[in-house]
Amino acid sequence: MEAHLSRAIDLAASNAATNGGPFGALVVSADGQVFQGTNRVTATHDPTAHAEMEAIRAAGLGLGTFDLSGAVLYASCEPCPMCLGAALWSRITRVVFTADRHDAAAAGFDDAAFYEYFESPSPGRREAMPVVHHPTDRAAAPFESWRANESRIAY
């Protein structure tokens, strides 16, 4: 564990020294393969290109699967809600991180608004970013198509 966390920190520090975000992550598969990622948000103009997301993408591509059951995500900093969601979707078994959200906030990366968004009751969410449920007659059509597709790949 220490070696993987140390590698995540090294990736983060190196990325920060070359104008990338100060975040690094590794996904270690159940069979010990290592896939790494660094924060590429500013380099790619992609707000989802967090280190954890990049490591998860690399692992999925490298292993040829979206199911990373048995894998561990090691991160230089506490993953944000988006990255935790990606870890859940990919079936990662465990997440281990070093710095926490407060350390990130002290460096100018304040994800507190995102944590508060998910932790707040619905009225608080509506103020931050409205999310509106607007039912339509065709809302279930994609799911009907999915169920009718006998060659679908469940995930």
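Residues numbered from 1 in each chain as written. Predicted model: local features only at pLDDT ≥ 70, side-chain atom pairs only at ≥ 80, totals over all residues. Heavy atoms only, no water.

## Focus on the overall build of the chain
- Along the chain, the regular secondary structure elements total eight helices and four strands.
- Ordered by position from N to C terminus, the α and β elements of the chain give α-β-β-α-α-β-α-β-α-α-α-α.
- By principal-axis analysis of the C-alpha atoms, the chain measures approximately 50 × 40 × 25 Å.
- Expressed as a percentage of the 155 residues in the chain, the buried residues total 30%.
- Considering only contacts within the chain whose residues lie at least 6 apart along the sequence, 47% involve residues at least 24 apart.
- Taken as a whole, the chain presents about 9900 Å² of accessible surface, with 57% of it coming from carbon and sulfur.
- For the chain, the distance from the average site of its 11 positive side-chain charges to the average site of its 18 negative ones is 7 Å. (Helix = DSSP H or I, 4+ residues; strand = E, 2+ residues; numbered from the N terminus. Buried < 20%, exposed > 50% of the residue type's maximum accessible area, 1.4 Å probe, protein only. Contact = heavy atoms within 4.5 Å. Areas by Shrake-Rupley, 256 points an atom, 1.4 Å probe, with all protein chains shown as cover. Lys, Arg positive; Asp, Glu negative; His and termini not counted. Charge placed at Lys NZ, Arg CZ, Asp CG, Glu CD.)

## Focus on the UniProt feature "domain: CMP/dCMP-type deaminase" (unreviewed entry) in the chain
- Taking the numbering used here, the UniProt-annotated feature "domain: CMP/dCMP-type deaminase" (unreviewed entry) corresponds to residues 1–110.
- Span residues 1–110 is 44% helix and 20% strand, its end C-alpha atoms 27 Å apart. (UniProt positions renumbered as here; feature names shortened; annotations may be inferred.)

## Description of the sheet that holds strand β3 (residues 72–77)
- Read from one edge to the other, the open sheet built from four strands follows the order β2-β1-β3-β4, with strand pairing classed as mixed. What marks the edges here is a single partner per strand, and that holds for β2 (34–38) and β4 (94–99). Here the average twist between neighbouring strands, direction ignored, is 15°.
- Of the strand pairs in this sheet, β3 and β4 are connected by five bridges, and their pairing is parallel. Looking at β4, one finds that Ala 75 is bridged to Phe 97.
- Along the sheet, helix α3 (residues 51–63) contacts β1 (24–28), β2 and β3; its crossing angle with β2, the most-contacted strand, is approximately 145°. (Pairing = 2+ DSSP bridges. Axes fitted to C-alpha atoms, helices over the stretch in contact; angles between N-to-C directions.)

## Section: the pattern of salt bridges
- If you walk through the whole model with that rule in mind, you get two salt bridges.
- With a shortest N-O distance of 2.7 Å, Glu 54 and Arg 57 are connected by a salt bridge. On the criterion of helical spacing, the pair formed by Glu 54 and Arg 57 is a turn pair, its members being three residues apart in helix α3.
- The closest approach of N and O atoms between Arg 101 and Glu 78, which form a salt bridge, is 3.0 Å. Here Glu 78 lies in the loop between β3 and α4 (81–89) and Arg 101 lies in helix α5 (residues 101–106), a separation of 23 residues in the sequence.
- Given a relative accessible area of 15%, Glu 78 falls into the buried group. (Salt bridge = Lys/Arg side-chain N within 4 Å of Asp/Glu carboxyl O.)

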